[in-house]
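Results of the structural survey
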Amino acid sequence: MTVVELSPFSMLVPLIASAVCALLPGRLWPWLLTFAAAAASAVIAAITLAAAMDGPLSYAFGNWEPPIGIEYRIDAANAFVALLVSAVAAVILPWAKTSVDQEVPERQGPFYALFLLAFAGLMGITLTGDAFNVFVFLEISSLATYALIAHGQDRRALLAAFRYLIMGTVGATFLLIGIGFLYMMTGTLNMVDLAQRLPELRDTATVEVALAFIVVGMGLKLALLPLHLWLPNAYTYAPSFISVFLAATATKVALYVLLRFTFTVFAPDYSFVALPLAVVLMALAIAGMVVGSWVAIYQANIKRMLAYSSVAQVGYMVLGVSLVSVTGLTAALLHMFNHALMKAALFMALGTIAYQVGSVRIEAFRGLGKRMPWTLTAFALAGVSLIGLPPTAGFISKWYLISAAVESGHAWLVALIVITSMMALIYIWRVLEAAWFRQPAEDAPAVTEAPLRLLIPVWVLVAANFYFGIDTRLNVGAATAAAEALMGGIPGGAP
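Note that residues are indexed from 1 along each chain, following the sequence as it is written. In view of the model being predicted, local features appear only for residues whose pLDDT reaches at least 70, and side-chain atom pairs are presented and counted only at 80 or more, with totals across whole chains, interfaces and linings using the full set of residues. Working from all heavy atoms in the structure, the side-chain values ignore hydrogens and water.

Before going further, it helps to spend a moment on the packing of aromatic side chains. Pairing of aromatic rings covers Phe, Tyr and Trp, the last counted by its six-membered ring, and requires centre-to-centre distances within 6.5 Å; plane angles under 30 degrees mean stacked, over 60 mean edge-to-face, and any other angle means tilted. The tally for this structure, following the rule as stated, stands at 25 aromatic pairs. Aromatic pair Phe119 and Phe245: ring centres 6.4 Å apart, planes at 85°, arrangement edge-to-face. Taken together, the residues span a long stretch of sequence, with Phe119 in helix H5 (residues 108-127) and Phe245 in helix H11 (residues 240-265) at a distance of 126 residues. Exposure is judged per residue with a 1.4 Å probe applied to protein chains only, and the accessible area is read against the type maximum: over 50% gives exposed, under 20% gives buried, and values in between give partly exposed. The exposure class assigned to Phe245 is buried, which follows from its relative accessible area of 2%. The secondary structure listing takes helices from DSSP runs of H or I that are at least 4 residues long and strands from runs of E that are at least 2 residues long, numbered from the N terminus.

Right under this line is the structure:
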């Protein structure tokens, strides 16, 4: 089997496993199958990325050649995102076993089946070269995610899932309308074919409206301010495992879809030059960076604090996109990768504390530094990466973002990046100050350090934050190749 023939299985394995998983009894077997499927998907994605670095790969389903048939077209950009999603799933699942046993004690087979559906949907969105398939897999992933959020222990999880369902449906509908307009004008859904047919139709209002619908729809899925209102409650009230997975992957895939349409289907000279999209994205990105960081400072619920932090971090990614350069895109993709590492580590450390303490409110953290030193140290080190201090992965992506801002003649953005990074220092410090410098309440329950089965996966991700801040060959190399592929105009930079 060639790499091209193997590549679709990074989506098919979890999709097929989800049907089996729903039928499995007990707790061990559903988790074991889920972990095996995620690990297999990650291995296939790694093999695919290595091959895609040499040029785009194309797989025609049923041997129906594109643009008639459905094509999986994989270049450095989507192979990079696919590896990120699958690797995160594989790394967090060993940690998830203990957390899910506590928070979802019954019917774990259907729960893990929903997770596999959400995971397979994200992989399908990333790998497909067909615009309508993006919508199909987006719906598969979204519907499963709504149900997963509703599994939260707090009754407010149901309301959070319902609100996400409403806003997510609006976003998906906008995307579908945009794709429908493109199909009406071109008669094709294949992204390569769309990119070749659209230049002669660029002056039509229908194409402009199609781009607007797609950008707004994916901006909602991306949680780009002011379309972010679903995210804080979804992250706060979902089971800890689902909060980790969503924070590390969902917004990253939405950003990829936005990039694929604006840079591949429409081409940057149309999206960002003929139309004022760069100015709009830069304004919204700056607003997200400032408002997200500002609101995070005042949160008493640490999950909600990290959720608003994600709104700010999305701002950094979109800011890199708005600079419309290889360096800016590299910064955006690099921060996508690095943010997945840092936010997964933070949410896992927080979930570990919730497992031991039963609360994620800041007053419950008083004195925890001495009673759970390994967990709180992991949280602190992941926080250092979020702030962007060397030698962490967070520093590397912010350095590239600053370089892109200076290179594009927007040196004033450097001050904003530094100021919002210092705002991150404030809200991370609030947690550490409560944990290390305050005494626990007199009626606080006795708390001990978390078991190794929770600590080891957290520390693996913390170590990754430092490793990719020192050895940047994989993350910077893959992000640069992905940026070059996207700037080429269509997948793989093909003419």
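Moving on, there is more to tell.
This paragraph deals with the confidence of the model for the protein. How sure the predictor is of each residue is captured by pLDDT, a score from 0 to 100. For the protein, per-residue confidence averages 88 on the pLDDT scale, and 98% of positions sit at 70 or higher. Note on definitions: a residue-residue contact is assigned when non-hydrogen atoms from the two residues lie within 4.5 Å. This model gives residues 489-495 a pLDDT under 50, and the stretch forms 22 contacts once residues within four places in sequence are excluded.

Looking now at the environment of Ser408. Mapped onto the elements, Ser408 comes out in the loop between helix H18 (393-407) and helix H19 (412-437). The spatial distance from the C-alpha of Ser408 to the C-alpha of Gly328 is 8.6 Å, given a sequence separation of 80 residues. For the purposes of these results, a polar contact is taken to be a pair of N or O atoms within 3.5 Å, where, inside protein, one atom must be able to donate a hydrogen and its partner to accept one; residues adjacent in sequence count only when each atom of the pair is a side-chain atom. Within the structure, the side chain of Ser408 is placed 3.1 Å from the side chain of His410, a separation counted as a polar contact.

To qualify as a nonpolar core, a set must consist of buried Ala, Val, Leu, Ile, Met, Phe, Trp, Tyr and Cys residues joined through side-chain atoms within 4.5 Å. Within the largest apolar cluster, 185 residues are counted, with the highest numbers of intra-cluster contacts made by Phe241, Phe261 and Phe266. At 19 residues, the largest contribution of residues to this core is made by helix H15 (residues 326-357). Contacts of Phe241, omitting those with residues within four sequence positions, involve Ile92, Leu93, Trp95, Ala96, Ser99, Val100, Phe111, Tyr112 and Phe115.

We now examine empty space enclosed by the protein. Lining residues are defined by having an atom within 4 Å of a point belonging to a cavity or pocket. Those points lie on a 1 Å grid over the protein atoms alone, cavities being sets where a 1.4 Å probe fits but cannot get out and pockets being open sets with protein on both sides within 12 Å along at least five of seven lines. Grid points are joined across faces, edges and corners, and a volume is the space filled by probe spheres set on the points. Taken as a whole, this structure holds two cavities of 30 Å³ or more when the rule is applied. As a volume, the largest cavity reaches approximately 150 Å³. Around the largest cavity sit 16 residues that line it, and Leu122, Leu138, Ser141, Tyr164 and Ala250 are the ones nearest its centre. Among the elements of the structure, H5, helix H6 (131-149), helix H9 (205-222) and H11 are those that each provide at least two residues to the lining of the largest cavity. Among the elements that take part in the lining of the largest cavity, H11 stands out by supplying six residues, more than any other.

To estimate how far a helix should extend, the number of its residues minus one is multiplied by 1.5 Å. Between its terminal C-alpha atoms H19 stretches 37 Å, which fits the 38 Å expected from 26 residues at 1.5 Å a residue. Take the seven residues that end at a residue and the seven that start at it, fit an axis to each, and the angle between those axes is the bend at that residue. At Trp429, H19 shows its maximal kink, close to 25°.

One number sums up the size of the largest pocket: a volume of about 450 Å³. What lines the largest pocket is a set of 19 residues, and nearest its centre among them are Gln153, Asp154, Thr236, Gly358 and Val360. Secondary structure elements with two or more residues in the lining of the largest pocket: helix H4 (76-103), helix H10 (231-237) and helix H14 (302-322). Residues are sorted three ways: Asp, Glu, Lys and Arg are charged, Ala, Val, Leu, Ile, Met, Phe, Trp, Tyr, Cys and Pro are nonpolar, and all the rest, Gly among them, are polar. Partitioned by chemical class, the residues of the lining of the largest pocket number five nonpolar, eight polar and six charged. What the second largest pocket holds in volume is close to 270 Å³. What lines the second largest pocket is a set of 16 residues, and nearest its centre among them are Ala212, Val215, Val216, Leu277 and Val280. For the lining of the second largest pocket, the elements supplying multiple residues, two or more each, are H9 and helix H13 (277-297). Of the residues in the lining of the second largest pocket, the class split is 14 nonpolar, one polar and one charged.

Tracing the sequence through the fold places Lys398 in helix H18. Here the positive residues are Lys and Arg and the negative ones are Asp and Glu; neither His nor the chain ends is included. We define a salt bridge as a side-chain nitrogen of Lys or Arg found within 4 Å of a carboxyl oxygen belonging to Asp or Glu. Buried charged residue Lys398 carries no salt bridge. Nearest counter-charge: Glu407, at 20 Å. A distance of 2.8 Å separates the side chain of Lys398 from the side chain of Ser421, its partner in a polar contact. Excluding anything up to four places from it in sequence, Lys398 contacts Tyr316, His335, Leu386, Ile387, Gly388 and Ser421.

Time to look at the pattern of salt bridges. Pairs can form between side chains of opposite charge whenever their charged atoms are close. Taken as a whole and judged by the stated rule, the model has nine salt bridges. Between Arg202 and Asp269 there is a salt bridge, with the nearest N and O atoms lying 3.1 Å from each other. With a gap of 67 residues between them, Arg202 in the loop between helix H8 (191-197) and H9 and Asp269 in helix H12 (residues 268-274) connect regions that are remote in the sequence. With relative accessibility at 42%, the residue Asp269 sits in the partly exposed group.

In this section: unusual backbone geometry. Phi is mostly negative for residues that are not glycine, and the peptide bonds are mostly trans. Going from Leu225 to Pro226, the amide bond is cis rather than trans, its omega being 10°. The topology assignment puts Pro226 in the loop between H9 and H10. For the bond running from Pro390 to Pro391, omega is 5°, close enough to zero to count as cis. Secondary-structure assignment places Pro391 in the loop between helix H17 (373-387) and H18. Residues other than glycine seldom take positive phi values, yet Arg107 does so here, at roughly 55°. When you line up the elements, Arg107 lands in the loop between H4 and H5.

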